[in-house]
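Reading the structure
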Amino acid sequence: MSQNKQTLSFQAEVAQLLHLVTHSLYSNKEIFLRELVSNASDACDKLRFEALADNALYEDQPNLEVRVSFDKQARTLTITDNGIGLSQQEAIANLGTIAKSGTREFMNRLSGDQRANAAEQGQLIGQFGVGFYSGFIVADSITVESRRAGLQPEEGVRWTSAGTGDFEVEALTRPERGTSVILHLREDATEYLSTWKLKSIIAKYSDHISLPILMRKEEWKEGEDNKGGEMVPTSEWETVNQASALWSRSKKDITAEQYTEFYKQISHDHEAPLAWSHNRVEGATEYTQLLYIPASAPFDLWNREKKAGVKLYVKRVFIMDDAEALMPVYLRFVKGVIDSADLPLNVSRELLQESRDVRAIREGSTKRVLSMLEELARLEKEDSASAEDKAKYGKFWAEFGAVLKEGLGEDFANRERLAKLLRFASTQSDAPTVSLADYKARMKDGQDAIYYITADTLAAARNSPQLEVFRKKGIEVLLMADRVDEWALNYLTDFDGTPLQSVAKGAVDLGKLQDEAEKKAAEEAAEAFKPVLARLKEALKDRAEDVRVTTRLVDSPACLVVEGGGMSLQLARMLKQAGQKAPEVKPVLEVNPEHALVRKLDGSVHFHDLAQILFDQALLAEGGLPEDPAAYVKRVNALLA
Ligand SMILES: Nc1ncnc2c1ncn2[C@@H]1O[C@H](COP(=O)(O)OP(=O)(O)OP(=O)(O)O)[C@@H](O)[C@H]1O
């Protein structure tokens, strides 16, 4: 035993993960090869990238490749790459902890659902893949031998583990750069000691990998002593995948399965995408884009700092993951690859921000994503579309609609296209399926605005007193409860020539929707109510900007509104909750002179208390809280007693 051998423990999460991998039944064992080949390919990408700055890293092996081989007697399967390799410290750090976010998500899912039985857990592993640790699905021990590019041959490392709590590392002399992952196969994994089997798995999962994957050629060997013959490996290697980056191939040569498999590989998503778009763009800026719309939102979608999902390549050379300059923030859910023919290979993130080519790529890609979404929205209404296709836009909207709305404030150039993609719930539709065009088509004669209300929840929006008169007159109101709505709607003042109007802002003007008799009655009521209004104003002068008579209420005594250009009470509350500065909004109290409680005001000895109650109740109905809840309760109780 070498003197420098050390035994180290896995990070607790890794030990937990390995326990799962080795103790669950697994429906899809073969994914281990996909994961290991993908790591090998990533390691080659990293070498190519580092070598841009230091060509010597190629040493005497400029052709990057992955080799897959096996030894039937020893029961080992080996995946070797001549990529970047690992130093001893890197082996300890990277193979002893959980690096990738996909694996973390997988762990979260499992711990979030303790009821899942072993078989279901196994299925989850199959769908997600757990990177390097997938090797333990088929191996009872794994040896990794590696040497980092640029280090001396004697600075190699051997890492060994039986997939229990710990692993060993020792120094190794390894002349060739790169990594070999040697799997010591379990009894029940003998099937992977077969060229045919391995080739078929590579064809299924790894065909699009842009590097050559090599295996030994086989030849027929007659059996001795009348025993049957068999195929045996020769010393010659052959390439067993297409070895050209998927996106660089012609569309017509790529099947839907290949597009889907590629998506799963780059996104770590186990679900098939909703749509993709693959184009070669020519002209002033040349690039290839392969962009996908996922079917489900990742757990961290709300994090606007979250890395974008688009990988940047320059002439097939991988440059960086998460190239945020290539996609606007509001399209951060899009996954894919952009391969530029114009950018310099040594482009940095900083340079990307300033590049005119990148701006052109971002604009082109944004348009492409919007076209994909428009196509999904079109299919939703297309009679001849399959049920699955029809459901796609609804699914997209449920997962990503709120993020797309950010675009209204972020991407002025595409605002009109975005507006057409919006969907809302409304007083006529519980499901968020109403487009602004649908709404317009249903507008009443004489209606000259698109009405909407924002609230903390859909239920609060639906039950808001502000809607009463609209309901009475059968006018549809869009209901909005996404946190982003209020902000986003600031940027959308009209749709197709019709203004959008919040029913909680400004005096309600139903314009031509009110008949003459109604207008006259309202004016008379307001006139008769003037003295009471004056007293209300005085009683509430610290709390309300103004008090006025309204026609928007039918069943409720009062409601709060803000003046036309002001910030809604709901947005002000949201900002406060988020710890941000919000201006003090003094709302207007609108009262319904027809309501019994309001009529009671005149001549009541409790005038002051009733006025406060009226205000507090309007605040409650609108989703807020009285600033002094105890005082409110006391006043109500005093009147009830
Ligand atoms: N063949 C390899 N060559 C060099 N480094 C490797 C190799 N395989 C794994 N590693 C290192 O081990 C780390 C952990 O690998 P693992 O497959 O668990 O996650 P990952 O590859 O980081 O995740 P992702 O698949 O999202 O990129 C890698 O990030 C890499 O640093």
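Looking up the chain in an unreviewed UniProt entry gives the name Chaperone protein HtpG, with the organism given as Ramlibacter tataouinensis. The Sequence similarities (unreviewed entry) field of the UniProt record for the chain holds the comment "Belongs to the heat shock protein 90 family."

Turning next to the sheet that holds strand β1 (residues 6–9). On the basis of which strands lie adjacent, the open sheet formed by nine strands has the order β1-β6-β5-β4-β7-β3-β2-β8-β9 and mixed pairing. Of all the strands in the sheet, just β1 and β9 (230–239) have a single pairing partner and so form its edges. Neighbour-to-neighbour, the strand axes of this sheet turn through a mean angle of 25°, independent of strand direction. Examined bridge by bridge, strand β4 (residues 139–147) and strand β7 (residues 178–185) share eight bridges and lie antiparallel to one another.

You can see Q258 is positioned in helix α7 (residues 256–267). Separated by 54 residues in the primary sequence, Q258 and K204 place their C-alpha atoms 8.3 Å from one another. In contact with Q258, other than residues within four places in its own chain, are D207, H208 and L246.

Take the domain arrangement of the chain next. By domain assignment, the chain separates into domain 1 (6–239), domain 2 (246–380), domain 3 (408–507) and domain 4 (513–640). Listing elements by their share of the side of domain 1 that touches domain 2, those giving two or more residues are α2 (31–51), α4 (101–112) and α5 (118–128). Counting residues per element, the side of domain 1 that touches domain 2 draws most heavily on α2, at four residues. Taken together, the residues of the side of domain 1 that touches domain 2 break down into four nonpolar, five polar and four charged.

This next bit is on helix α17 (residues 569–577). Helical geometry: 3.6 residues make up each α-helical turn, so side chains three or four residues apart lie on a common side. Those residues of α17 not exposed but buried are L569, Q570, L571 and A572. Along its buried surface, α17 packs onto β17 (450–454), α15 (485–489) and β22 (558–561). One or two residues past the end of α17 sits G579, with phi positive at roughly 80°.

Cut-off values and rules
Residues numbered from 1 in each chain as written. Predicted model: local features only at pLDDT ≥ 70, side-chain atom pairs only at ≥ 80, totals over all residues. UniProt positions renumbered as here; feature names shortened; annotations may be inferred. Pairing = 2+ DSSP bridges. Helix = DSSP H or I, 4+ residues; strand = E, 2+ residues; numbered from the N terminus. Axes fitted to C-alpha atoms, helices over the stretch in contact; angles between N-to-C directions. Contact = placed C-beta atoms within 7 Å. Domains from an automatic or database assignment. Nonpolar A, V, L, I, M, F, W, Y, C, P; charged D, E, K, R; others polar. Buried ≥ 20, exposed ≤ 12 C-beta atoms within 10 Å, placed from the backbone.

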